[in-house]
Amino acid sequence: MADSSHDNLSSYLENEIPNLLTKTKLLSSKEIEQIDAKWQNLIKENSDLRVIRKNSLLSVSYNFLDSKILEILKKYDEIKYWTLVSECILKRLCGFCADIFFIARIDNLINQNIIEICRIKKEKNMIGEIREQKYIRIKK
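Residues take numbers from 1 onward in each chain, read along the sequence in its written order. Only residues with pLDDT of 70 or above have their local features reported here, since the model is predicted, and side-chain atom pairs are shown and tallied only from 80 upward, although totals for entire chains, interfaces and linings are computed over all residues. Only heavy atoms go into the side-chain values, all of them from the structure, while hydrogens and water stay out.

1. Overview of the pattern of salt bridges
Basically, it comes down to this: Each salt bridge in this description consists of a side-chain nitrogen of Lys or Arg and a carboxyl oxygen of Asp or Glu lying within 4 Å of one another. Secondary structure elements are taken from DSSP: a helix is a run of H or I of four residues or more, a strand is a run of E of two residues or more, and numbering for both begins at the N terminus. Burial status follows relative accessibility: with a 1.4 Å probe on protein chains alone, a residue under 20% of its type maximum counts as buried, one over 50% as exposed, and anything between as partly exposed.
If you walk through the whole model with that rule in mind, you get seven salt bridges. A salt bridge links Asp-66 to Arg-105; its shortest N-O distance comes to 2.8 Å. Of this pair, Asp-66 sits in helix α2 (residues 62-73) while Arg-105 sits in helix α4 (residues 99-111), placing them 39 residues apart in sequence. The class for Arg-105 is buried, based on a relative accessible area of 12%. Taking the shortest distance from any N to any O, the salt bridge between Glu-129 and Arg-131 comes out at 3.1 Å. The class of Arg-131 is partly exposed, set by a relative accessible area of 43%.

Now the structure itself:
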């Protein structure tokens, strides 16, 4: 259900979902077989991730998601770790809207020395607690 404003179903707002029914149709047996064959191929590919792009389900490596994260990070000299995670969620990179995907990939990029923690600063969080905040950037 992709269109010019939405990459996938998770990018629709709650009030937009009822309108999707007007875009649905009953699939023929042939269409069901084609979709099943495509899904079986995706299973055989056994790639790291599956993402929806232009109404098609694609198998991609973690590098695909990593490159999207790095595209965002390139815009900043440095950024708070959790601000980057939030921005990835807001942009619904690759259709993911759970922080766990981005946390895992950012941590992996840190472990690979592609992203570095450039400073750690004690700051108040949104409820007034003092917490250590990591600032990160692409490693220079």
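Structure shown, so let's carry the discussion forward.
2. Looking at a nonpolar patch on the surface
Put simply, the test is: Residues with no salt bridge and a relative accessible area higher than 30% make up the patches, which join like charges within 9 Å and nonpolar side chains (Val, Leu, Ile, Met, Phe, Trp, Tyr) within 5 Å. Each accessible area is a Shrake-Rupley estimate made with a 1.4 Å probe; only the visible protein chains count as cover when residues are assessed.
Where nonpolar side chains cluster on the molecular surface, the patch consists of Leu-27, Ile-32 and Ile-35 and spans about 270 Å² of accessible area. Examined against the element boundaries, Ile-35 turns out to sit in helix α1 (residues 29-45).

3. Some details on α2
Spacing of three or four residues puts side chains on the same side of an α-helix, whose turn is 3.6 residues. The cut-off we apply is this: To estimate how far a helix should reach, multiply one less than its number of residues by 1.5 Å. Arc, as used here, means the arc of the directions from the helix axis to the C-beta atoms. Contacts are assigned to residue pairs with any non-hydrogen atoms lying within 4.5 Å of each other.
With twelve residues, α2 extends 17 Å between its outermost C-alpha atoms, agreeing within 8% with the 16 Å of an ideal straight helix rising 1.5 Å per residue. Every buried residue of α2 is accounted for by Leu-65, Asp-66, Ile-69, Leu-70, Ile-72 and Leu-73. Viewed end-on, α2 has its buried residues packed into an arc of 155°, placing them on one side of the element. As for α2, its buried residues are in contact with β1 (49-53), β3 (79-80), α3 (81-90), α4, β4 (115-124) and β5 (130-138).

4. Digging into the side chain of Gln-133
Secondary-structure assignment places Gln-133 in strand β5. Ignoring sequence-local partners within four residues, the contact set of Gln-133 consists of Lys-80, Trp-82, Arg-119, Ile-120, Lys-121 and Glu-123.

5. Overview of the side chain of Asp-66
Assessed through its relative accessible area of 4%, Asp-66 is described here as buried. Discounting residues that sit within four places of it in the chain, Asp-66 has contacts with Arg-105, Asn-108 and Leu-109.

6. Section: the packing of aromatic side chains
To describe a pair of aromatic rings, you give the distance between the ring centres and the angle between the ring planes. Put simply, the rule reads: Each aromatic pair joins two rings of Phe, Tyr and Trp (for Trp, the six-membered one) with centres within 6.5 Å, and gets the label stacked for planes under 30 degrees apart, edge-to-face for over 60, and tilted for any other angle. Lysine and arginine charges are scored as sitting over a ring when NZ or CZ, respectively, is within 6 Å of the ring centre and within 35 degrees of the ring normal.
Throughout the structure, instances matching the rule amount to one aromatic pair. Measuring from centroid to centroid gives 5.2 Å for Tyr-81 and Trp-82, while their planes differ by 70°, and the two rings are edge-to-face. A relative accessible area of 45% places Trp-82 in the partly exposed class. Its guanidinium or amino end placed over the ring of Tyr-135, Arg-119 lies 3.9 Å from that ring's centre, counting from NZ or CZ. Positioned above the aromatic ring of Tyr-81 is the side chain of Lys-134, whose terminal nitrogen or guanidinium carbon lies 5.0 Å from the ring centre.

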